[in-house]
Amino acid sequence: MRPSRRTTLSVSALLLTGLTWATTGSAAPAGALGPAPGVVDLVKDIDQILGDARLTPARAGVVVRSAVSGEELYAVDSGKILTPASNTKLLTSAAAVENLGLDFRFTTSVLSTGRRAGSALAGDLYLRGTGDPTMLAADYDALAAKVAASGIKVVTGRLVADDTWFDDVRLGTDWAWDDEPYYYAAQISALTASPDTDYDAGTVIVSVAPGSAGKRPKVTTTPETDYLKIDNRAVTGAETDVTIERLHGTNTVVITGTVADEQQEWVTVDDPTGYAASLLRAALARHGVRVLGGTARAATPEGAAVVASHESMTLRELLVPFMKLSNNMHAEILAKAIGRKVSGAGTWGAGLAAITSFAKANGVTTLSLRDGSGLSRMDGFTPGDLTRYLAALRAKPWFDAWYGALPIAGQADRMVGGTLRNRMRGTPAAGNVHAKTGSLTGVTSLSGYVTSADNEPLVFSVMLNQYLSGAPRDIEDRIAVRLAQFRRDAPVDTVVQLKQAPQDGDAPELECSWLKPAQC
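If you're wondering where the values come from, they're calculated on a predicted model, not measured in any experiment. (Residues numbered from 1 in each chain as written. Predicted model: local features only at pLDDT ≥ 70, side-chain atom pairs only at ≥ 80, totals over all residues. Heavy atoms only, no water.)

Let's shift gears to the overall build of the chain. A count of helices and strands for the chain gives 12 helices and 23 strands. A buried classification covers 56% of the 520 residues belonging to the chain. Summarising the internal contacts of the chain: among those between residues at least 6 apart in sequence, 69% fall at separations of at least 24. Roughly 20300 Å² of accessible area belongs to the chain as shown, and the carbon and sulfur atoms make up 51% of that amount. (Helix = DSSP H or I, 4+ residues; strand = E, 2+ residues; numbered from the N terminus. Buried < 20%, exposed > 50% of the residue type's maximum accessible area, 1.4 Å probe, protein only. Contact = heavy atoms within 4.5 Å. Areas by Shrake-Rupley, 256 points an atom, 1.4 Å probe, with all protein chains shown as cover.)

When pLDDT is averaged along the chain, the result is 91; 89% of the residues meet or exceed 70. Every residue in residues 15-32 is under pLDDT 50, and counting partners more than four places away or in other chains gives 18 contacts. For the stretch residues 502-508, pLDDT sits under 50, and the model shows eight contacts to residues farther than four places along the chain or on other chains. (pLDDT = per-residue confidence, 0-100.)

Pairing is antiparallel in the open sheet, where five strands are placed in the order β2-β1-β23-β22-β21. Strand pairing shows two members of the sheet lacking a second neighbour, β2 (72-76) and β21 (434-440), which therefore form its edges. Across the sheet, the mean angle from the axis of one strand to that of its neighbour is 5°, orientation sign disregarded. As paired elements, β21 and strand β22 (residues 443-451) share seven bridges and run antiparallel to each other. Counterpart to Ala 435 in the pairing with β22 is Gly 448. Helix α12 (residues 473-485) contacts β1 (59-66), β21, β22 and β23 (457-465) of the sheet and is inclined by roughly 10° relative to β22. (Pairing = 2+ DSSP bridges. Axes fitted to C-alpha atoms, helices over the stretch in contact; angles between N-to-C directions.)

Turning to the sheet that holds strand β10 (residues 218-222), a few remarks are in order. Spatial strand order, β10-β9-β15: three strands in an open sheet with antiparallel pairing. Each edge of the open sheet is held by one strand with a lone partner, namely β10 and β15 (263-268). Adjacent strand axes in the sheet meet at a mean angle of 25° when their direction is disregarded.

A few words now on the packing of aromatic side chains. The geometry of two aromatic rings is summed up by the distance between their centres and the angle between their planes. Under the counting rule described, the total for this entry stands at 12 aromatic pairs. Here Trp 175 and Trp 348 contribute two aromatic rings whose centre-to-centre distance is 5.8 Å and whose plane-to-plane angle is 75°, an arrangement assigned as edge-to-face. Placement of Trp 175 in the loop between β8 (159-162) and β9 (203-209) and of Trp 348 in helix α8 (residues 348-361) is noted, with a sequence separation of 173 residues between them. Residues Trp 175 and Trp 348 agree in their burial class; the two are buried. Taking the centre distance of 6.4 Å and the plane angle of 40° together, the rings of Phe 358 and Trp 398 count as tilted. Of this pair, Phe 358 sits in helix α8 while Trp 398 sits in the loop between α9 (383-393) and α10 (399-404), and the two are 40 residues apart along the sequence. Accessibility classification places Phe 358 together with Trp 398 in one group, the buried group. Every member of this aromatic cluster is reached through a ring pair, and the members are Phe 399, Trp 402, Tyr 403 and Tyr 449. (Phe/Tyr/Trp six-rings, centres within 6.5 Å; stacked < 30°, edge-to-face > 60°.)

Here it is as structure tokens:
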């Protein structure tokens with residue numbers, strides 16, 4: 001029988017490993033020339049894992065290499081371009097640290113050019129943003145409090161929103177229009193707001209709670225805002241089967257179905273700039289500052305005086321919710337922030353060019369980037385390049401901070417385990433594997449770092465594309481666990497077995513970070 005492509009490549013990897021020993025003098029097993037018995041055993045076991053019937057019609061790229069020597073221990077389709085989904089964030093996050101620095105902060109300011117006459121400001125008040133995804137309603141309230149504390153009680157002009165730090169392109173080129181209402185595809189603006197400390201920029205939490213039987217449920221928003229128009233068509237019933245969705249191209253949220261218990265949905269807003277300005281205007285009113293003019297948009301004039309400002313947490317701190325929870329909007333905002341820093345243009349084009357340059361300088365020779373998060377299905381790179389990249393990053397002075405922000409297998413705390421918190425628990429991979437997940441319908445990936453049973457640091461990338469049903473994340477987990485058990489000098493007697501993921505659509509297609517509130 002003709003060997004399968006998978007088996008052929010695995011045998012080739014073994015032969016190359018033997019050649020490495022012969023040419024570099026690396027230690028081979030006593031009395032033998034060729035791969036160590038532990039490597040042979042590892043190849044056999046990963047081949048078996050990848051023999052899963054779910055992958056028969058699919059594409060699978062898997063590479064494992066030593067993080068220190070770069071030696072390739074296993075490879076299947078290492079040079080094939082695959083869709084990475086949120087593994088793209090491995091490129092964006094590291095490029096952000098390299099170009100912006102761990103101490104980078106976003107600044108949001110209130111400025112004026114008008115003359116002061118007692119408690120009146122004769123002129124406009126400007127709200128200028130630089131993309132801070134961590135701005136909460138409370139932060140806009142604090143800005144308003146500072147304006148009031150400066151002695152201003154009346155603004156005779158307008159409230160002017162300045163979002164010109166970034167361009168006005170709000171959505172990624174390849175994003176699906178029917179994703180727009182959902183928080184993982186929010187619009188990108190230099191002025192935005194988040195509803196809570198997951199920092200899902202450009203969204204509002206819409207909550208529904210049961211009322212009297214047969215009557216409309218109660219609807220509230222976090223934060224309280226009249227920027228969204230609520231069209232409540234739902235009724236209180238014996239069970240909950242409710243849909244909360246913003247109508248495309250509007251800020252009308254339609255609620256339909258039945259409600260028996262409280263439910264929440266993170267809903268994107270149309271035009272985050274207007275939303276942020278509305279939060280500040282309402283906060284100014286609460287603090288006794290009247291703005292007589294309307295709300296407008298323009299760049300802040302040169303020489304405007306700062307009345308109040310707010311600085312975000314550092315990038316070092318932001319990496320945690322960004323990477324642990326796989327926050328798409330953080331990735332896109334950082335992409336534009338990189339572009340602004342490197343090229344003076346807060347655009348996807350400028351940012352992606354800088355991210356691409358960084359990736360190529362660190363081992364990624366073949367790639368296509370259309371966004372910073374991996375939401376685009378046109379993003380692509382190879383698992384072989386990604387493992388070389390992951391190994392190269394270990395030499396960076398900021399590596400420890402970045403590595404610590406990756407999800408950690410089997411760690412229950414959301415801000416530690418992140419999207420891996422419920423995976424590989426009770427196995428040698430728990431607390432060991434630091435890796436980035438990735439999910440789109442028909443796409444799953446897991447790439448990162450694991451320490452073997454010999455205390456050897458390894459890097460790995462598993463990219464699975466075009467499977468038909470039942471997201472096969474258990475395949476990724478089985479490979480990662482097997483790597484945690486790997487010893488060079490001997491086969492593994494007992495390979496830890498993991499349950500196969502539910503089939504036929506029982507398993508969610510999207511990673512945990514895409515399910516609000518956390519459902520896995």
